[in-house]
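The primary structure of each chain is shown beneath.
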Amino acid sequence: MDNTVEIRWHGRGGQGAKTAALLFGEAALSLGKFIQAFPEYGPERMGAPVASFNRISTEPIRLHCSITNPGIVIVLDQTLMGKVDVTEGLPATGILIVNTTDSPAEVRAKLKLQGLKVFTVDASGISKATIGRDIPNTPLLGALVKASNLLDFASMLKDTEEKLAIKFKSKPEIVKGNIEAIKRAYNEVKGE
Amino acid sequence: MAKFVAKTGNEAMAEAMRQINPDVVAAYPITPATEVVMIFAKYVADGLVNTEYVPVESEHSAMSACVGASAAGGRVMTGTSSQGLVYMYEILPIASALRLPIVMCEVNRAISGPINIHCDHSDTMAARDFGWIQIFSENSQEAYDSLIQAVRIAENHDVLLPTMVTTDGFIISHCLDKIEVLDDKDITAFIGKDRKPNNSLLDLDKPTTLGSIDLQDYYFEHRVQVAEAIKNSKKTIIEVANEFAKKFGRQYGLIEEYKLADADYAIVALGSTCGTAKVVIDELRAKGIKAGLLKIRVYRPFPAEEIAQALSKIKNVAVLDRADGWAGQGGPAYAEIKAALYKSKTPPKMINFVYGLGGREIDKDQLAHVYDCLKNIEQQPDVQYLGVRE
């Protein structure tokens, strides 16, 4: 278990929290990790708070229970903070990554956080600029890799590009936009 | 080349179906098994398989169409869950009595009511007396591997029985996991391409009647033949598992023992809970507690002798049932394991936990609590509910 990192994604229905977990799982698998990715199975409604999860490990994963003490939490929608206890179960050594224009210090003050490494990135702004729509999940993959050091960034970027190229064969501009978004978030994410 | 890919339980089962390339699939979608036949239907539409796909208006019709297609001599598969399986109940024992080797992808989900879409084993446990072979899976890899083996088991001439392979709804069916997908041509070679059914309706050289009325004179004999087939299937299941292990490296059996040989305390369970239990066992062993697991992979035929043998040296045992059965004496696995141990000279002390109904979470702490209870088994009730609010 010491070799396993558990991640929880918070978003709203339609924002791609489930897809983010799947994409990150697949990228980690291609880089030789053992993985799990699964959503929280509740009623799925556009705009309602949802969560999804990853386990990433260097050894086979046998656990099939939900994740209650993640090492990393990613918030796709800052309006969830204060409404959903996004840091629930996160240990003092944990990592919190938030899609916001606020600085890590501002998030820390708003949530009255002690301990934790807090990272922020304007994933929505980046996705609007690069993809043309507010889909914060792909840029947050870049922020996650930077904040966690779980994967080699260049390899992850290459793998994601290949996967997106298959999925969006007829729309190369979408692939380009997403890759640019991941790169920008990787470079722009701030932590303290 | 076999390759490692990310697949959910449903995707893994659909992939196995593509590689098996059955002649006929008749199915009706139901959560959480919908994706299995949905993905497969796409394979049909894309021309990746030669299957005749029969989209029916209900599970009753799905199983009826499977019976017809299998009786005609085809290799036939379907997929369902919960209420869908319940709706098939009328046809399930006909499939086995007619000795039709239909293979089913079953995703374990609680049966209504109240209505619930999440995992427990009440759907397949209620179907355990219908003459179907039942194979449970701990994870997606096992579901994939067992589905391929199921074709061989079902079609073996000593067996000729329908076979269902199950995964735990959502927990496995919707969890992306790393699995090894084998080569298409290796699968084709393993299951055999040119199957020769014994008695098929389309065999004009050997005309056969199937499904005729069978009263006092022969019904009994035919039912005993099914009972014999179920008994025979144990040997076949082991042979097929051994051949699979030799070719592909992963070994399966009727049961699996995890750190059981020297265990003082053991849990018996089925499905995905076994994975979590293995982690708990490792943690307890690190603290010097000799914990172990007996996983039941094949529930029908029931591996009574194997279970009795495996538990004969254990002091205290907890049987975990993810179905109640409403027999008033604990869950179905508990009842059958008690019966299996009746003639044992050294039976363990044993208690039952019914858990996880309707998808109620089962985590490491609860499983550790079960091992804790085993330390003072004398003070425990015979049957208790784990994780239920009083």
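Residues numbered from 1 in each chain as written. Chains lettered and ligands numbered in written order. Predicted model: local features only at pLDDT ≥ 70, side-chain atom pairs only at ≥ 80, totals over all residues. Heavy atoms only, no water.

In the annotation of an unreviewed UniProt entry, chain B is listed under the name Pyruvate ferredoxin oxidoreductase and assigned to candidate division WOR-1 bacterium RIFOXYB2_FULL_48_7.

If you look chain A up in an unreviewed UniProt entry, it shows as Pyruvate synthase from candidate division WOR-1 bacterium RIFOXYB2_FULL_48_7.

Once that is clear, we can look at the sheet that holds strand 6 (residues 117–121) of chain A. Hydrogen bonding along the main chain pairs the strands of a sheet, whether they run parallel or antiparallel. Pairing within the open sheet is mixed, and its nine strands lie in the order 7(A)-6(A)-5(A)-4(A)-1(A)-3(A)-2(A)-8(B)-1(B). Both outer strands of the open sheet, strand 7 (190–191) of chain A together with strand 1 (3–7) of chain B, are each paired with one neighbouring strand and no more. As paired strands, strand 1 of chain B and strand 8 (residues 176–181) of chain B are joined by five bridges and run antiparallel to one another. Counterpart to V5 of chain B in the pairing with strand 8 of chain B is I179 of chain B. Along the sheet, helix 1 (residues 17–30) of chain A contacts strand 1 (4–12), strand 2 (34–39) and strand 3 (49–57) of chain A together with strand 1 and strand 8 of chain B; its crossing angle with strand 3 of chain A, the most-contacted strand, is approximately 10 degrees. Of the strands in this sheet, strand 1 and strand 8 of chain B touch helix 1 (residues 9–20) of chain B, which is tilted by about 130 degrees from strand 1 of chain B. (Pairing = 2+ DSSP bridges. Helix = DSSP H or I, 4+ residues; strand = E, 2+ residues; numbered from the N terminus. Contact = heavy atoms within 4.5 Å. Axes fitted to C-alpha atoms, helices over the stretch in contact; angles between N-to-C directions.)

All names here are of chain B. Here helix 7 (residues 140–155) contains 16 residues, and its C-alpha end-to-end distance of 23 Å stays within 8% of the 22 Å for a straight helix at 1.5 Å per residue. Roughly 25 degrees is the biggest bend found in helix 7, and it falls at Q149. Most of helix 7 is tucked away, with 15 of its 16 residues classed as buried. Taking the backbone nitrogen of Q141 as reference, a side-chain oxygen 3.3 Å away marks N139 as the first, capping residue of helix 7. (Expected span 1.5 Å × (residues − 1). Bend = angle between axes of the 7 residues up to and from the residue. Buried < 20%, exposed > 50% of the residue type's maximum accessible area, 1.4 Å probe, protein only. Polar contact = N/O pair within 3.5 Å; in protein donor to acceptor, adjacent residues only side chain to side chain.)

Turning to the interface of chain A and chain B, a few remarks are in order. Taken together, the contacts link 18 residues of chain A with 26 residues of chain B. Taking both sides of the interface into account, the surface hidden between chain A and chain B amounts to around 1,800 Å²; carbon and sulfur atoms contribute 62%. Together, Y41, R62 and H64 of chain A form the three largest contributors to the area buried by chain A at its contact with chain B, with a combined 43%. On the surface where chain A and chain B come into contact, there are one salt bridge. With a shortest N-O distance of 2.6 Å, R62 of chain A and D282 of chain B are connected by a salt bridge. Connecting chain A to chain B are six residue pairs in polar contact (both at pLDDT 80 or more). Those elements that provide at least two residues to the side of chain A that touches chain B are helix 1 and strand 2 of chain A. (Buried area = accessible area lost by both parts, 1.4 Å probe. Salt bridge = Lys/Arg side-chain N within 4 Å of Asp/Glu carboxyl O.)

All names here are of chain B. Counting across every chain of the model gives 35 salt bridges over all chains. Of the charged contacts in the structure, one is a salt bridge between K278 and E138, with a shortest N-O distance of 2.8 Å. Of this pair, K278 sits in helix 10 (residues 273–286) while E138 sits in the loop between strand 6 (133–136) and helix 7; the two residues are 140 residues apart in sequence, bridging distant segments of the chain. Its relative accessible area of 7% is what places K278 among the buried residues. A salt bridge links K349 to E378; its shortest N-O distance comes to 3.6 Å. Of this pair, K349 sits in strand 14 (residues 349–355) while E378 sits in the loop between helix 13 (364–375) and strand 15 (383–386); the two residues are 29 residues apart in sequence, bridging distant segments of the chain. With relative accessibility at 42%, the residue K349 sits in the partly exposed group. Relative accessible area serves as the criterion here: at 57%, E378 is assigned to the exposed category.

Time to look at the environment of E239 of chain B. Residue and element names in this part refer to chain B. Following the sequence through the fold, E239 ends up in helix 9 (residues 219–248). With relative accessibility at 40%, the residue E239 sits in the partly exposed group. Sequence separation between E239 and P332 is 93 residues; the distance between their C-alpha atoms is 27 Å.

A separate point is helix 1 of chain B. Residues and elements named next belong to chain B. In a regular helix each residue adds 1.5 Å, so twelve residues correspond to 16 Å; helix 1 covers 16 Å between its end C-alpha atoms and thus fits that length. For helix 1, a buried count of eleven out of twelve residues is recorded, marking the element as mostly surrounded by other parts of the structure. A positive phi of about 50 degrees marks N21, the residue just after helix 1.

Residues and elements named next belong to chain B. Across the sheet, which stays open at both edges, the seven strands sit in the order 3-2-4-5-7-6-12 with mixed pairing between neighbours. On the outer flanks of this sheet lie strand 3 (52–55) and strand 12 (298–300), each paired with one strand and no other. Taken over all neighbouring pairs, the strand axes of this sheet differ in orientation by 20 degrees on average, direction set aside. Across five bridges, strand 4 (residues 76–81) lies against strand 5 (residues 103–108) in parallel orientation. Within strand 5, the position partnered with G79 by the bridge is C105. Helix-sheet contacts for helix 7 involve strand 4, strand 5, strand 6 and strand 7 (163–168), and the interaxial angle to strand 7 is about 170 degrees.

Attention now goes to the domain arrangement of chain B. All names here are of chain B. The domain boundaries assigned to chain B delineate domain 1 (3–248) and domain 2 (255–386). Placing the centre of domain 1 and that of domain 2 at their C-alpha centroids yields a distance of 28 Å. Each partner contributes to the interface: domain 1 provides 27 residues, whereas domain 2 provides 28 residues. Here domain 1 and domain 2 share seven salt bridges between them. At the boundary of domain 1 and domain 2, one finds 18 residue pairs in polar contact (both at pLDDT 80 or more). When residues of the side of domain 1 that touches domain 2 are traced back to their parent elements, those giving at least two are helix 6 (122–125), strand 6, helix 7 and helix 9. (Domains from an automatic or database assignment.)

Here the focus is the environment of G82 of chain A. Residue and element names in this part refer to chain A. Checked against the element boundaries, G82 lands in the loop between strand 4 (72–75) and strand 5 (95–99). Classification of G82 as exposed rests on a relative accessible area of 70%. With 30 residues separating them along the chain, G82 and K112 place their C-alpha atoms 10 Å apart.

All right, on to the packing of aromatic side chains then. Residue and element names in this part refer to chain B. The full count for this structure, using the stated rule, is ten aromatic pairs over all chains. Ring geometry for F190 and F244: centres 5.7 Å apart, planes at 85 degrees, overall edge-to-face. Of this pair, F190 sits in helix 8 (residues 184–191) while F244 sits in helix 9, placing them 54 residues apart in sequence. Each member of the pair, F190 as well as F244, is classed as buried. The ring of F190 carries R152 above its face, with NZ or CZ at 4.9 Å from the centroid. (Phe/Tyr/Trp six-rings, centres within 6.5 Å; stacked < 30°, edge-to-face > 60°. Lys NZ or Arg CZ within 6 Å of the ring centre and 35° of its normal.)

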